[in-house]
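Examination of the molecular architecture
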Amino acid sequence: MRHVQKENEIPIGVKLQLLRHLLTGTPPQSFLDNLTAAQMIAAHQFIWEKTLEIGIQLLGDKFSQSAVVKRIQSIEAYKIAAGCSEPQQRCETNACLDEHPECVHRKLKLQIENLCDFAAATLQLVKS
């Protein structure tokens with residue numbers, strides 16, 4: 001039986017590309033530009049999970065999820081920089097996807113780039 005891909009899912013090929021960027025520390029900017037805002041939500045979730053897995057596997061007890069969160073621009077700071085007047089709750093939950101897909105895309109792209117930077121720094125730390 002063939003799997004029918006939903007609009008907000010990302011194909012396995014995209015996941016593999018994201019993993020490559022995550023593990024090599026190469027910036028995924030241009031790659032992310034090709035994803036829809038709905039796909040960016042799925043890509044962000046995937047990268048978030050893999051970043052946490054890398055941290056836990058490589059750092060063990062020294063890993064702190066708060067260290068990852070510190071690498072991501074706060075929603076409040078993003079809203080100010082973007083000049084957004086939507087309530088913060090809508091931004092945190094990506095509830096404005098239908099009204100402002102470009103804003104959701106931009107926010108998640110920045111977060112994914114920061115997560116990739118964190119993973120690359122963690123991998124470099126372990127190599128040292």
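For the structure itself, consult the block above.
Heads up: these notes are all about the structure in this document. (Residues numbered from 1 in each chain as written. Predicted model: local features only at pLDDT ≥ 70, side-chain atom pairs only at ≥ 80, totals over all residues. Heavy atoms only, no water.)

Okay, the environment of Thr93 next. Looking at where Thr93 falls in the secondary structure, it is placed in the loop between α6 (88–92) and α7 (101–127). Judged by relative accessible area, Thr93 falls into the partly exposed class, the value being 47%. (Helix = DSSP H or I, 4+ residues; strand = E, 2+ residues; numbered from the N terminus. Buried < 20%, exposed > 50% of the residue type's maximum accessible area, 1.4 Å probe, protein only.)

This part is about a nonpolar patch on the surface. The grouping of Leu58, Leu125 and Val126 at the surface amounts to a nonpolar patch, some 250 Å² of accessible area in total. Its place among the elements puts Leu125 in helix α7. In this structure Leu125 comes out as exposed when scored by relative accessible area, which is 54%. (Patch = residues over 30% accessible without salt bridge, like charges linked within 9 Å, V, L, I, M, F, W, Y side chains within 5 Å. Areas by Shrake-Rupley, 256 points an atom, 1.4 Å probe, with all protein chains shown as cover. Salt bridge = Lys/Arg side-chain N within 4 Å of Asp/Glu carboxyl O.)

As a further point, take the pattern of salt bridges. All told, the structure shown has four salt bridges when counted by the stated rule. As a salt-bridge pair, Arg90 and Glu86 come within 2.8 Å of each other at their nearest N and O atoms. Given the relative accessible area of 24%, Arg90 is considered partly exposed. A salt bridge links Glu99 to Arg90, with the nearest nitrogen and oxygen atoms 2.9 Å apart. Through salt bridges with shared partners, a single ionic network connects Glu86, Arg90 and Glu99.

Turning our eyes to something else, we now look at the nonpolar core. A general tendency of soluble globular proteins is for nonpolar side chains to be buried together. Counting 28 residues, the largest nonpolar core has Leu18, Leu32, Ile47, Val68 and Ile112 as its most contacted members. Counting residues per element, the ones that place at least two in this core are α1 (12–24), α2 (29–32), α3 (37–59) and α7. For this core, the element with the highest residue contribution is α3, accounting for nine residues. When neighbours within four sequence positions are excluded, Leu18 is seen to be in contact with Ile10, Phe31, Leu32, Ala43, Phe46 and Ile47. (Core = buried A, V, L, I, M, F, W, Y, C linked by side-chain atoms within 4.5 Å. Contact = heavy atoms within 4.5 Å.)

For the rest of this paragraph, the subject is the side chain of Lys107. Looking at the secondary structure, you find Lys107 in helix α7. No salt bridge is formed by the buried Lys107; its nearest oppositely charged neighbour, Glu92, is found at 8.9 Å. Within the local environment of Lys107, its side chain forms a polar contact with the side chain of Asn94, the two groups lying 2.6 Å apart. Other than its neighbours up to four places away in sequence, Lys107 contacts Ile75, Tyr78, Cys91 and Asn94. (Lys, Arg positive; Asp, Glu negative; His and termini not counted. Polar contact = N/O pair within 3.5 Å; in protein donor to acceptor, adjacent residues only side chain to side chain.)

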